[in-house]
Amino acid sequence: MPMTHRTANVRLLRQSVPELDADLVVVPVCDHDELSDVPGLAQASSGEALTARTRGAFSGKPFESLVLGTQGAGWRAPRVALVGVGPAAACTADILRRVATIGGLTARAHRLGRVAVLMRASIGVAPEVAAQALAEGVLLANYDGASLKTADHAPGWLEEVAIAGLDGGAALDAAVARGVILGEATNHARELANEPGNRLTPRVFAERGAALAAAAGLGVEVLDETRIAELKMGLLLSIAQGSQEPPRVLVLRHEPAGAVSNVTLGLVGKGITFDTGGISIKPADNMDKMKDDMSGGAAVIAAMAAIARLNVPVRCIGVVPMTENMPGGRAIKPGDVVTSAEGKTVEILNTDAEGRLVLGDALWYARQLGATHLIDLATLTGACVVALGKTTSGLFGRPQVWLDRVHDATRRAGDRAWPMPIFDDYKDLLKSEIADFTNTGGRAGGAITAALFIKEFAGDLPWAHLDIAGTAWAEEAKPYQPKGATGVGVRTLVELALNVPSWAGASTR
Ligand code: BES
Ligand code: MN
Ligand code: ZN
């Protein structure tokens, strides 16, 4: 298996900056920042840190960075990376996470394995929130997307990381530990979503998901094609029948002792390991990107593993339907009518609208297993990318309280999402002459009609749907984010679970 990411030993260090024993100290720098609280920095390399700003080499704008030597500062660390954060008053956990990633990537680019990241007192982010965000950000830097290269490729890794400048008790150490697990989980999802479709078939996806989950202590069950047929999951089977590769459904369970009594989260993720479109085949341009069509499923697997590792006292069920969407000789054809496990009939007008079909049966199954609150993640529609672009996911569902909880979780996670409507009026677009409904509603409002289709399979439960078609894959690298799979949604799901005890009923013990 390729080495795409590594963990690092991340600790909170209660030492002063000159004492920090690291190859590189990462210092967030705000607008109009005199750096007077960082001892020695003004003297470092004859005042280079301050004069770089007057020369315009480094302005302190968000995500700008500059590496300097620290000669003359009296530090143990030989180098410092200044990373811009913009106005101190506007600095958020989000910005700190990105600053830490930039610091970590900078260290790796210089092949420096031991970094310290400094939190500044001038930044008004609560210590626990900052500690978690900085740890997350550093771990996100320990990811390498070029792991299948066999020549001239030996990435450096972060080994030892110190978070400095924060004072506090055990809660801060716990926040760092949480950040590490969340960062690693995001990297696990990125690794799976970056994996090419020939390497990550449904069977391999199920195996690797099962291994990741079992190592984290989750209950694991893999439904094979026979079991899927017994359950009459006709929507999933209809997509799978066009491929030589059999489908799978990965079922993960987190059932901690002392869990809150009245909530079981049902996390469902689209797991199309490659989407050709089927008989309604896609154009050749950019079809290669469709290897990421299992990003929602990868997010559910990685998040479930993190939820287990964090011992979150909330029951969670993960369901990931896995198949290819291929135009084989037995593939479904436009006009075919298929029957879902729940018994509803669907007229398939476009075989490229496959995600909503596999999710329909998976949401039904999550309800059968006892979920009380549903959330699904899916690279579902190009229409959502048109509506919201590449950095914001579409948020759909009901009722409002549940959507608000999910939206809040996306904010804590640093995953952007924005509410979209699901008015009943749109349902006319899914009317079929011969079946209960069609699987497409045309171009207009395409992300909304897709959501309304999925809603048919959520029963009466609170349900949220995140369309991550735009956000799952970064077309270009940013200073804080590599090109490729982003791991969007992983931290949202974990933050959502972590928050359940604050609003759900008391423990059963
Ligand atoms: N996986 C695609 C959606 C997608 C498109 C994700 C672009 C990322 C980038 C999905 O299965 C799909 O093909 N959707 C169709 C639906 C249409 C046929 C109603 C689409 O968006 O074109
Ligand atoms: Mn498709
Ligand atoms: Zn798809």
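So, a few notes on the structure that sits alongside this text. All of these numbers come straight from a predicted model, not from anything done at the bench. (Residues numbered from 1 in each chain as written. Chains lettered and ligands numbered in written order. Predicted model: local features only at pLDDT ≥ 70, side-chain atom pairs only at ≥ 80, totals over all residues. Heavy atoms only, no water.)

## Some points on the coordination of the manganese ion (ligand 2)
Stage number 1. The coordination sphere of the manganese ion (ligand 2), as far as protein atoms go, consists of Asp275 (OD), Asp352 (O), Asp352 (OD) and Glu354 (OE), spread over 2.0 to 2.2 Å.
Stage number 2. Here the donor residues for the manganese ion (ligand 2) map to a single chain with the spacing D-x76-D-x1-E.
Stage number 3. For the pair the manganese ion (ligand 2) and the zinc ion (ligand 3), the metal-to-metal distance amounts to 3.2 Å, and Asp275 bridges them. Placement of Asp275 in strand 10 (residues 271-275) and of Glu354 in the loop between strand 13 (345-347) and helix 9 (355-368) is noted, with a sequence separation of 79 residues between them.
Stage number 4. Classification of Glu354 by relative accessible area gives buried; the value is 1%. (Donors = N, O, S within 2.8 Å, 3.2 Å for Na, K, Ca; no water. Helix = DSSP H or I, 4+ residues; strand = E, 2+ residues; numbered from the N terminus. Buried < 20%, exposed > 50% of the residue type's maximum accessible area, 1.4 Å probe, protein only.)

## Side note on the nonpolar core
Stage number 1. Formed by 59 residues in total, the largest nonpolar core has its most connected members in Phe205, Leu265, Leu267, Ile301 and Ile375.
Stage number 2. For this core, the element with the highest residue contribution is helix 8 (residues 295-309), accounting for 11 residues.
Stage number 3. For Phe205, the residues in contact, after removing those within four places along its chain, are Leu192, Leu200, Gly271, Thr273, Met294, Gly297, Ala298, Ile301, Val320 and Met322.
Stage number 4. With 47 residues, the next largest nonpolar core counts Ile317, Val319, Val338 and Cys384 among its residues. (Core = buried A, V, L, I, M, F, W, Y, C linked by side-chain atoms within 4.5 Å. Contact = heavy atoms within 4.5 Å.)

## Quick look at the pairing of strand 6 (residues 160-164)
Stage number 1. The element strand 6 is largely enclosed, with a buried count of 4 among its 5 residues.
Stage number 2. Where strand 1 (residues 9-13) and strand 6 come together, 5 bridges link them in parallel fashion. Among the inter-strand pairings, Asn9 is bridged to a residue of strand 6, identified as Glu160.
Stage number 3. Handedness of the crossover is the feature at issue here: the chain leaves strand 5 (residues 114-118), passes through helix 3 (residues 127-141), returns alongside strand 6, and the resulting connection is right-handed. (Pairing = 2+ DSSP bridges. Right-handed = clockwise from strand over helix to strand, strands pointing away.)

## Describing the site of ligand 1
Stage number 1. In the vicinity of ligand 1 lie 15 residues, with Asp275, Lys282, Asp352, Glu354 and Gly382 positioned nearest.
Stage number 2. Here an oxygen atom of ligand 1 sits 3.2 Å away from a polar atom, N or O, in the side chain of Lys270.
Stage number 3. For ligand 1, an oxygen atom lies 2.8 Å from a polar atom in the side chain of Lys282.
Stage number 4. Across the complex, the protein chains shield 77% of the 510 Å² of accessible surface that ligand 1 would expose by itself.
Stage number 5. Under a 2 Å grid-point criterion requiring more than half of the atoms, the pocket assigned to ligand 1 is the largest pocket.
Stage number 6. Split by residue class, the shell around ligand 1 holds 3 nonpolar, 5 polar and 7 charged. (Near = heavy atom within 4 Å. Polar contact = N/O pair within 3.5 Å; in protein donor to acceptor, adjacent residues only side chain to side chain. Areas by Shrake-Rupley, 256 points an atom, 1.4 Å probe, with all protein chains shown as cover. 1 Å grid on protein atoms, 1.4 Å probe; cavity = no way out; pocket = protein on both sides within 12 Å on 5 of 7 lines; lining within 4 Å. Sits in = over half its atoms within 2 Å of the grid points. Nonpolar A, V, L, I, M, F, W, Y, C, P; charged D, E, K, R; others polar.)

## A few points about the state of the cysteines
Stage number 1. As enumerated under the stated definition, the model contains 0 disulfides in all.
Stage number 2. With no disulfide partner, Cys30 has as its closest neighbouring cysteine sulfur the one in Cys91, 6.2 Å distant.
Stage number 3. Exposure remark for Cys91: the relative accessible area of 7% places this residue in the buried category. (Disulfide = S-S within 2.5 Å.)

## Considering the side chain of Thr471
Stage number 1. Position of Thr471 relative to the elements: it lies in the loop between strand 18 (463-467) and strand 19 (473-474).
Stage number 2. Only 2.8 Å separates the side chain of Thr471 from the side chain of Ser393, close enough to count as a polar contact.
Stage number 3. Filtering out sequence-adjacent residues up to four positions away, Thr471 remains in contact with Lys390, Thr391, Thr392, Ser393, Thr486 and Val488.

## Points about the sheet that holds strand 12 (residues 337-339)
Stage number 1. With mixed pairing, 3 strands are arranged side by side in an open sheet as 12-13-17. One side of each edge strand has no neighbouring strand; the edge strands of this open sheet are strand 12 and strand 17 (437-438).
Stage number 2. One ladder, built from 3 bridges, connects strand 12 with strand 13; its direction is antiparallel. Bridge assignment links Val337 to a residue of strand 13, and that residue is Glu347.

## Thoughts on helix 1 (residues 48-55)
Stage number 1. Within the span of helix 1, buried status applies to Ala49, Ala52 and Arg53. Axial view of helix 1: buried residues confined to an arc of 100°, hence all on one face. Set apart from the buried face of helix 1 by more than 90 degrees, the exposed residues are Thr54 and Arg55.
Stage number 2. Contact partners of the buried residues in helix 1: strand 2 (24-30), strand 3 (65-69) and strand 4 (79-86).
Stage number 3. Once helix 1 finishes, Gly56 follows within two positions and takes phi at roughly 85°, a positive value. (Arc of directions from axis to C-beta.)

## Some words on the coordination of the zinc ion (ligand 3)
Stage number 1. Bound to the zinc ion (ligand 3) are the protein donor atoms Lys270 (NZ), Asp275 (OD), Asp293 (OD) and Glu354 (OE), situated 2.0 to 2.4 Å from the metal.
Stage number 2. Coordination at the zinc ion (ligand 3) comes from 6 donor atoms whose angles at the metal span 78 to 173°, giving a geometry best classed as octahedral. (Tetrahedral: all angles 85-135°; square planar, octahedral: opposite > 155°, others 65-115°.)

## Focus: the packing of aromatic side chains
Stage number 1. For the structure on display, the rule yields 6 aromatic pairs.
Stage number 2. Measuring from centroid to centroid gives 6.3 Å for Trp402 and Trp503, while their planes differ by 65°, and the two rings are edge-to-face. You can see Trp402 sitting in helix 11 (residues 400-413) and its partner Trp503 sitting in the segment after helix 13 (490-499), a full 101 residues away along the chain.
Stage number 3. Owing to a relative accessible area of 2%, Trp402 belongs among the buried residues under this scheme.
Stage number 4. Taking the relative accessible area as the measure of exposure, Trp503 reaches 22% and is therefore partly exposed.
Stage number 5. Geometrically, the ring pair formed by Phe437 and Phe457 is edge-to-face, given 6.1 Å between the ring centres and 80° between the ring planes. Of the two residues, Phe437 is situated in strand 17 and Phe457 in the loop between helix 12 (446-455) and strand 18; the sequence distance between them amounts to 20 residues.
Stage number 6. The exposure class assigned to Phe457 is buried, which follows from its relative accessible area of 0%.
Stage number 7. Every member of this aromatic cluster is reached through a ring pair, and the members are Phe437, Phe453 and Phe457.
Stage number 8. The ring of Tyr480 is capped by Arg98, whose NZ or CZ atom sits 4.0 Å from the centre of that ring. (Phe/Tyr/Trp six-rings, centres within 6.5 Å; stacked < 30°, edge-to-face > 60°. Lys NZ or Arg CZ within 6 Å of the ring centre and 35° of its normal.)

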